[in-house]
Amino acid sequence: MNLEQHPYVRPSQVIESMRDNGYKNTAYALAELIDNSIQAGAKVVRFVCFEAYEQINSTSRRRIQKIAILDDGYGMDEKTLYMSLEFGASKNKEDPEGMGKFGMGLPNSSISQCKKTEVWSWIEGNQPFYTYLDVDKIKSGEQEAIPYPVTRKLDSKLADAYKGAIPTSGTVIAWSELDRLHWKTSATLLKHTQNLIGRMYRYMLQHKNENKRVRIVFENYLYNHSTQSYELEESVNFKANDPMYLMQGTVVEEMKDFPDDFKGQSLFDINADENLSKKDITLSDGTKGSYIIRTSSIKKDFANKMTEQTNAKIGSTDVGRQFASNIGLSIIRSGRELDLKRDFKIKDNYQKDRYIGVEIHFSPSLDKFFGVTNNKQSATKIQPPNLPEIALQEDVDESKVIEVIKQSDPDYALLLQCLSDIEKAFEVYSELDKKKISYGRDKKSEAPDNTDLATVRATNAEQQRANEHPTAGDEDKPNPEDMKEVLSEKNYNEIELNQLIKDVIENNIIVKFDERDGPQTMLFDISIIQGFTLIQINTEHNFYRNFMSKATERDQMLLKLCLAAWGRMEKEAPTEAVRRRYELSRQQWGVMLDGYLSDEEDY
């Protein structure tokens, strides 16, 4: 039988599905391009936005027209540039200690944010070579192969962004037709990327070797209709954001209540460093690697200084909130942070977690061992180990689990040992007690803190979701007057309402649960006011009376987190019509659920 040959993949058919490639947000997609620049030896990476006013529903609003990454790295020759837009063909993956992984970064990240990607690259003062990727042309079948590079000058606005000093070698990547950006204006893009980029690249921004240090600059150009040109509006150098708080001159110093006499100093003590915690491992296939776990804890004199400055807990200050944004395990691969994992923590509702730092470093040789994803956003195997569950499955004592696993799966035993080492590292919180750290003044005598565990967990989950999938209102602090206006219709008397508002404002709560009588068939109601979500649970509903009120405290908390997830879904609704459909579904489901549970007086 003679059959016509078929390709494994038809670009025109799969390009749209390939765009949904799992990048958490625009900042993570941009990080792929910054990775490439740094691996190409760049000393300065410019992250440039070109913005203009657009007419949107009779209102003139600023919108990003183009985003570009400009560097002064080694540049690419004609052949390398041609390969750079091929999925899986980049040469960066050939560097065993580099940041590249599968050679997917440039095309993969680009199509996740825009329809058109253009690349210029040049070496040793020669004319730039140019090629591009156009999603619409690929979908229509017009562009099945990568256009072969041609010589082409940089667009004038891109050349101008080099400030008249185009480097001898370099690369420029420009995104346009930006249909999938998470943030539409340069101001919001900067706001959401500054801390994340600063944390990802902190070891490059403050490299001990000045020759390896990198400067990342954000610049915004606004289109001037009078001159018909883009004019520089803002230029910001990214600062390191160090969750270990061992570096000096980091973003935390920009907090308005940061004490001046501590500027230029490290704020935490190092408790475990590479000299004490480095572990070399050899996997069953002969792969060798090592990991390093470092820990830190707040300095007593800095905690004392913050206590002197506030009439409340340190955690309620801007500095304390900045600490809270960095809670978790920082996972560092090849000097660049992959993820800040909040699964690892001490069990005290995030009260002490903000005053410690824990990070793990490893090289790309251990990518498979740790489950590093192709978009370099996480290491999926770095999870809190459930040794009791494994011990039950293996029918052995928990203390012997790793030794037993080692006989059948030595690599998994090595992983379990590493995860156990990470969990033990979080015991650094005991240093806080040894130092007799003061966390600020307890205000419970003035205003009782009614913040239960479910509220704390939901607030932290909401913050993490907002970082990865931001939506309108996330950054808005609730206004007491607006809260009073909305909640005055929610079955509160004046004293209860004032206390609720005070509790939310003073404790920086963004999700709160309240159990009270309500319409019998509605299980829960949701009120969203700026960045705050109130979830009222109806104590008269059959589900509450027959199940929730009788559940354990832990199960009640888990049920409340389920409701908080629904509340977030309503908040992220793309349009008001969709949000209204979600609300109607919630109400109808409550009626149906109440009916299903009404046959028995008591379950």
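Residues numbered from 1 in each chain as written. Predicted model: local features only at pLDDT ≥ 70, side-chain atom pairs only at ≥ 80, totals over all residues. Heavy atoms only, no water.

### Details of the sheet that holds strand 4 (residues 129–134)
Where strands meet in a sheet, backbone hydrogen bonds hold them as pairs that are either parallel or antiparallel. Judged by pairing direction, the sheet is mixed, and its 8 strands sit side by side in the order 5-4-3-6-2-1-7-8 without closing on themselves. One side of each edge strand has no neighbouring strand; the edge strands of this open sheet are strand 5 (150–151) and strand 8 (229–237). Note that strand 3 (residues 116–122) and strand 4 share 6 bridges and pair antiparallel. When the sheet's bridge partners are listed, Ser121 is paired in strand 4 with Phe129. Lying over the sheet, helix 7 (residues 186–200) contacts strand 1 (44–56), strand 2 (59–71), strand 7 (215–224) and strand 8, oriented at roughly 150° with respect to strand 1. (Pairing = 2+ DSSP bridges. Helix = DSSP H or I, 4+ residues; strand = E, 2+ residues; numbered from the N terminus. Contact = heavy atoms within 4.5 Å. Axes fitted to C-alpha atoms, helices over the stretch in contact; angles between N-to-C directions.)

### So, the packing of aromatic side chains
Scanning the model with the defined rule gives 21 aromatic pairs in all. A ring pair is formed by Phe258 and Phe302, whose centres lie 5.7 Å apart and whose planes are at 35°; its orientation type is tilted. Here Phe302 lies in helix 10 (residues 300–309) and Phe258 lies in the loop between strand 8 and strand 9 (268–272), a separation of 44 residues in the sequence. Overall, the relative accessible area of 4% leaves Phe258 in the buried class. (Phe/Tyr/Trp six-rings, centres within 6.5 Å; stacked < 30°, edge-to-face > 60°. Buried < 20%, exposed > 50% of the residue type's maximum accessible area, 1.4 Å probe, protein only.)

### Quick word on the nonpolar core
Counting 45 residues, the largest nonpolar core has Ile34, Phe47, Ile67, Trp175, Tyr201 and Ile216 as its most contacted members. Ranked by residue count, the leading element in this core is helix 2 (residues 26–39), at 8 residues. Those residues in contact with Trp175 that sit more than four places away from it in its chain are Ala29, Leu30, Leu33, Gln65, Lys66, Ile67, Ser109, Ser110, Gln113, Cys114, Lys116 and Thr117. Counting residues in hydrophobic clusters, the runner-up holds 42 residues, among them Leu267, Ile360, Phe362 and Ile437. (Core = buried A, V, L, I, M, F, W, Y, C linked by side-chain atoms within 4.5 Å.)

### A closer look at the side chain of Ser290
Looking at the element boundaries, Ser290 is found in strand 11 (residues 288–298). Accessibility expressed as a relative area gives 18% for Ser290, which makes it buried. Among residues more than four places away in sequence, those in contact with Ser290 are Lys278, Lys279, Asp280, His361, Phe362, Ser363 and Leu366.

### Quick word on the sheet that holds strand 17 (residues 532–538)
With mixed pairing, 3 strands are arranged side by side in an open sheet as 15-17-16. The open sheet has two free edges, formed respectively by strand 15 (511–516) and strand 16 (524–529), since each of these has just one partner strand. Taking the axes of each pair of neighbouring strands and ignoring which way they run, one obtains an average angle of 20° across the sheet. Running over the sheet, helix 17 (residues 453–468) touches strand 15 and strand 17 and is turned about 145° from strand 15. In this fold helix 19 (residues 494–506) packs onto strand 15 and strand 17, with an angle of close to 155° to the strand it touches most, strand 15.

### A word on the pairing of strand 11
With respect to burial, strand 11 is a largely interior element, 10 of its 11 residues being buried. Bridging between strand 10 (residues 279–282) and strand 11 involves 4 bridges; their strand directions are antiparallel. Counted as the bridge partner of Asp280 is Ser290 from strand 11. Counting the residues in the hairpin turn of strand 10 and strand 11 gives 5 residues, including Gly286, whose phi is positive at 95°. One ladder, built from 7 bridges, connects strand 11 with strand 14 (residues 356–362); its direction is antiparallel. Among the inter-strand pairings, Ile293 is bridged to a residue of strand 14, identified as Ile360.

### Structural notes on unusual backbone geometry
Positive phi values are uncommon outside glycine, yet Ser334 reaches one of about 50°. Residue Ser334 is classed as partly exposed on the basis of its relative accessible area of 22%. Of note in this structure, Gln530 is not a glycine but carries a positive phi near 50°. The class for Gln530 is partly exposed, based on a relative accessible area of 26%.

### Remarks on the packing of helix 13 (residues 387–394) against helix 14 (residues 401–408)
Interhelical geometry of helix 13 versus helix 14 gives an angle of 60° and a closest axis separation of 10 Å. Taken together, the axis directions place helix 13 and helix 14 in an arrangement best described as oblique. Remark: the crossing between helix 13 and helix 14 carries left-handed chirality. Seen from helix 13, the contacting residues are Leu387, Ile390, Ala391 and Glu394; seen from helix 14, they are Val401, Val404 and Ile405. (Parallel < 35°, antiparallel > 145°, perpendicular 65-115°, else oblique. Left-handed = near helix turned anticlockwise from the far one by under 90°.)

### Describing the packing of helix 18 (residues 480–487) against helix 19
A packed helix pair is summarised by two numbers, namely the angle formed by the two axes and the spacing between the axes. Packing of helix 18 against helix 19 leaves a shortest axis separation of 10 Å and a crossing angle of 140°. Between helix 18 and helix 19, the angle is such that the two are oblique. Handedness of the crossing formed by helix 18 with helix 19: right-handed. Along its contact with helix 18, which presents Pro480, Met483, Lys484 and Leu487, the element helix 19 presents Leu497, Asn498, Leu500, Ile501, Val504 and Ile505. The residue makeup of the contact of helix 18 with helix 19, split by class, is 8 nonpolar, 1 polar and 1 charged. (Nonpolar A, V, L, I, M, F, W, Y, C, P; charged D, E, K, R; others polar.)

By themselves these figures say nothing about function.
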